[in-house]
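Secondary and tertiary structure notes
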Amino acid sequence: MGTEKILFYLFAALTVYGALMVITVRNPVKAALFLVFTFFTSAAIWLLMEAEFLAIVLVLVYVGAVMVLFLFVVMMLDINLAQLREGFVRYLPVGVAVAVAFAVMLIMLVGSDWFASVPVPPPAPAEANNTRDLGRLLYTVYVYPFEIAAVILLVAIVAAIALTLRRRTGVKYQTPGEQIAVRRRDRIRMIDMPPEEPK
Amino acid sequence: MIEWLVELWNAVPLGVQTVIVILLQIIAIVLPLMLCVAYLTYAERKVIGAMQIRMGPNRVGFFGHRLWGLGQPIADAVKLMFKEIVIPSGANKGLFLLAPVLSIGPALAAWAVIPFDAHLVLADINAGLLYVLAVTSIGVYGVIIAGWASNSKYALLGAMRSGAQIVSYEIAMGFALVGVLMAGGSLNLGEIVRAQEGSILHWFWLPLLPLFVIYFVSAVAETNRAPFDVAEGESEIVAGFHVEYSGMAFAVFFLAEYANMILVSALTALMFLGGWLSPLQGVLPQSAFDVPVLGALLDGGIHWLIIKTAFFLYLFLWFRATFPRYRYDQIMRLGWKIFIPITIVWLLVVGVMILAGLPPWFDGA
């Protein structure tokens, strides 16, 4: 067994372990941290598949930004664990049905003839540039899907901001611009007066 | 003896050989780095002392000589190593101890792709710049987990402040890096430095001046240094996220902060000030670089990178001695409403400069 295979099984096992812990661990903060761990090991597996750009972007976007905000929310919320576990039995059939359907689909996909007939690609030469190739493809062949995806994301951002944007009256805002623009003559008045002498 | 060692080396399997070589390379980077961190704390105290007309540490020396207090960092390290690590009673023990590790790990791992010289780099990967950005973005977990696991209000408040600040400034930092990779035409840090070859005017600080300033200010904010150190804010929340830490656990946070400072200083030097390139290149005639010893000093090399990094580190200390701490809402305003719009506008400007082939930077390709 080659080193790569050992590494693959190691990271695959860690990914499965992390994913299981996400849904079984009781503490929501720990669950979020296990999700981070799972992202990280998935990135390692992608690195083994020579998809270094995707691996690094997974860490950069999901680990470095999305999960940080997620963790923020989980830490700030006062989550009642007992309430969360209520109704576990009631939803169990739905969960089992979804899990079985998903497993069947995965087995059909991976076990199909199509998957078996695809030859393993030879390892890319050392000077191959994953980032450059992806960029070339995205901005030439797939430029329209790429731009449409970007516009959809932009709409989502604008919508999210619009949902939270409320003008409340009676709130005292500080305007840093005005504070910075304050000059001495606005605050201090120099006056001439005779000295007060103590009697 | 030597022959026996060579024989022993050859007997080691090839895979293990690679691992041993990489481990030795890592030690060769981390050991001097830790020494730099120790003496950066000394430099900080001395420099700020001088700026405030004080002496700074001047007692602890070696072998009965005071030597301007040069032994102080060693004494501090020994003290911290032998102090007890107190774990608060309500703390989440596992995460409490994991947080310092998560803090220092990324600070050291990012050094893997830093080119010290034209050939001296541990991992010469194509996506180096992205790797640095991704790895340094993990560092925020150390702070957040430390704040949460301490089970202390001050620590949690500090962690929240720090987390929001780091995530916000990362965006401006990322955009500044996009400008650099556009100008350099590569994500490989070595290639970016090579793209700046020529003279001091060929370095990217001039065409990317706004990005250069924004990158460095964001770097100060990312490392939670004064004047952006509200995460620690002694006057408001005691010491912020590491208020409950003591002994070596606290020291590891300290090491991570200073290692991060050195890292962002080195990155700024690499991306905007030509890294290991010599500022005398293009000024002196080529024959000057052929002089035996003097030529090697004048020509590009690791010493120029160290000098440039030291300059930025000095700026860090200078800022700390000069500026009062920012108010929190002003930090957010600066990051979101000023830095991010400026970087986006300057990306367009860089694009136009590249399309126009503006000499001397963009006429090559």
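Just so we're clear, the structure is a prediction, and the values are computed from it rather than from any experiment. (Residues numbered from 1 in each chain as written. Chains lettered and ligands numbered in written order. Predicted model: local features only at pLDDT ≥ 70, side-chain atom pairs only at ≥ 80, totals over all residues. Heavy atoms only, no water.)

This part takes up the confidence of the model for chain B. Across chain B, the average pLDDT comes to 85, with 99% of residues at 70 or higher. As scored by the predictor, the complex reaches a pTM of 0.84 and an ipTM of 0.80. (pLDDT = per-residue confidence, 0-100.)

Before going further, it helps to examine the side chain of E44(B). Residues and elements named next belong to chain B. Assignment of secondary structure puts E44 in helix α2 (residues 14-51). In this structure the side chain of E44 is engaged in a polar contact, spanning 2.6 Å, whose partner is the side chain of R320. If we ignore the near neighbours within four places in the chain, the residues touching E44 are G49, R225, Y258, L317 and R320. (Helix = DSSP H or I, 4+ residues; strand = E, 2+ residues; numbered from the N terminus. Polar contact = N/O pair within 3.5 Å; in protein donor to acceptor, adjacent residues only side chain to side chain. Contact = heavy atoms within 4.5 Å.)

This brings us to a nonpolar patch on the surface. All names here are of chain B. Taken together, F62, F63, L67, W68, I74, V78, M81 and F82 make up a surface patch of nonpolar side chains, about 940 Å² in accessible area. Relative to the helices and strands, M81 resides in helix α3 (residues 72-81). On the accessibility criterion, M81 (49% relative accessible area) is partly exposed. (Patch = residues over 30% accessible without salt bridge, like charges linked within 9 Å, V, L, I, M, F, W, Y side chains within 5 Å. Areas by Shrake-Rupley, 256 points an atom, 1.4 Å probe, with all protein chains shown as cover. Salt bridge = Lys/Arg side-chain N within 4 Å of Asp/Glu carboxyl O. Buried < 20%, exposed > 50% of the residue type's maximum accessible area, 1.4 Å probe, protein only.)

The next thing to look at is the pattern of salt bridges. Residue and element names in this part refer to chain B. Throughout the structure, instances matching the rule amount to 7 salt bridges over all chains. When the shortest N-O distance is used, the salt bridge between E191 and R194 registers 3.4 Å. Remark: R194 and E191 occur in helix α7 (residues 189-194); sequence separation between them is 3 residues, near one turn of the helix. E191 sits in the partly exposed class, given a relative accessible area of 38%. The partly exposed category is assigned to R194, whose relative accessible area is 36%. Through salt bridges that share partners, E44, R225, E257 and R320 make up one connected network.

Listed per partner, the contact involves 31 residues of chain A and 27 residues of chain B. In total, chain A and chain B occlude about 2,400 Å² of area from one another, counting both sides; carbon and sulfur atoms represent 74% of this. Counting every contact that joins chain A to chain B gives 0 salt bridges. Counting across the chain A and chain B interface gives 4 residue pairs in polar contact (both at pLDDT 80 or more). For the side of chain A that touches chain B, the leading source of residues is helix α3 (residues 52-76) of chain A, giving 15 residues. Among the residues forming the side of chain A that touches chain B, the class breakdown is 21 nonpolar, 7 polar and 3 charged. (Buried area = accessible area lost by both parts, 1.4 Å probe. Nonpolar A, V, L, I, M, F, W, Y, C, P; charged D, E, K, R; others polar.)

Between its first and last C-alpha atoms helix α12 (residues 302-322) of chain B spans 30 Å; for 21 residues at 1.5 Å apiece the expected length is 30 Å, and the two agree. Next to the buried residues of α12(B) lie α2, α8 (209-222), α10 (247-272) and α11 (292-298) of chain B. (Expected span 1.5 Å × (residues − 1).)

Let's shift gears to the nonpolar core. Membership of the largest hydrophobic core comes to 111 residues, with the highest contact counts inside it found for W111(B), Y141(B), L189(B) and M271(B). For L189(B), the residues in contact, after removing those within four places along its chain, are V113(B), I114(B), P115(B), L129(B), V132(B), L267(B) and M271(B). (Core = buried A, V, L, I, M, F, W, Y, C linked by side-chain atoms within 4.5 Å.)

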